[in-house]
Amino acid sequence: QVSLAESGGGLVHPGGSLRLSCAASGIALSINAMGWYRQAPGKQRELVAVIFLDGSTHYADSVKGRFTISRDNAKNTVALQMNSLKPEDTAVYYCNAGGKLLTGSNFASWGQGTQVTVSS
């Protein structure tokens, strides 16, 4: 199995920045995609950004130009740099990873979530 541990959430003023980090541990043949989702109170969980093994990325329209996702394949870590934060970015942010185990089975893992609050 693959476990994910997140860090870096907190309280920030509008316009501020935060950096979220996530480290994957466990045995996997490959981690094809690593990404971040968020869930605000009363809303469905939504994709924020994803980065694939080849380095290609995809962002939600609401964060394009403000958030940057990056990964270190050697360390199996993914980070989300969040700039120009807005109150509507307030949510619990979840790290997600998907790939193949040594058995050949697919896996999809979630972190425990980290709170990001943007407020004056």
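Residues numbered from 1 in each chain as written. Predicted model: local features only at pLDDT ≥ 70, side-chain atom pairs only at ≥ 80, totals over all residues. Heavy atoms only, no water.

Student: Outline the sheet that holds strand β8 (residues 77–82), supporting the account with residue identities and numerical values.
Tutor: Strand order in the open sheet formed by 4 strands is β1-β3-β8-β7, and the pairing between neighbours is antiparallel. Where the open sheet ends on each side, the last strands, each with one partner, are β1 (2–7) and β7 (67–72). In this sheet, neighbouring strand axes are inclined to one another by 15° on average, regardless of whether the strands run parallel or antiparallel. Pairing analysis gives 6 bridges linking β7 to β8, with the strands arranged antiparallel. (Pairing = 2+ DSSP bridges. Helix = DSSP H or I, 4+ residues; strand = E, 2+ residues; numbered from the N terminus. Axes fitted to C-alpha atoms, helices over the stretch in contact; angles between N-to-C directions.)

Student: Break down the pairing of strand β9 (residues 91–100) for me, with residues and values.
Tutor: Where burial is concerned, most of β9 is hidden: 8 out of the 10 residues are buried. Bridge count between strand β4 (residues 30–39) and β9: 9 bridges; the pairing is antiparallel. Paired with Arg38 across the strands is Tyr93, a residue of β9. Relative to strand β11 (residues 114–118), β9 runs antiparallel, the two sharing 3 bridges. The residue bridging Val92 from the neighbouring strand is Gln115, located in β11. (Buried < 20%, exposed > 50% of the residue type's maximum accessible area, 1.4 Å probe, protein only.)

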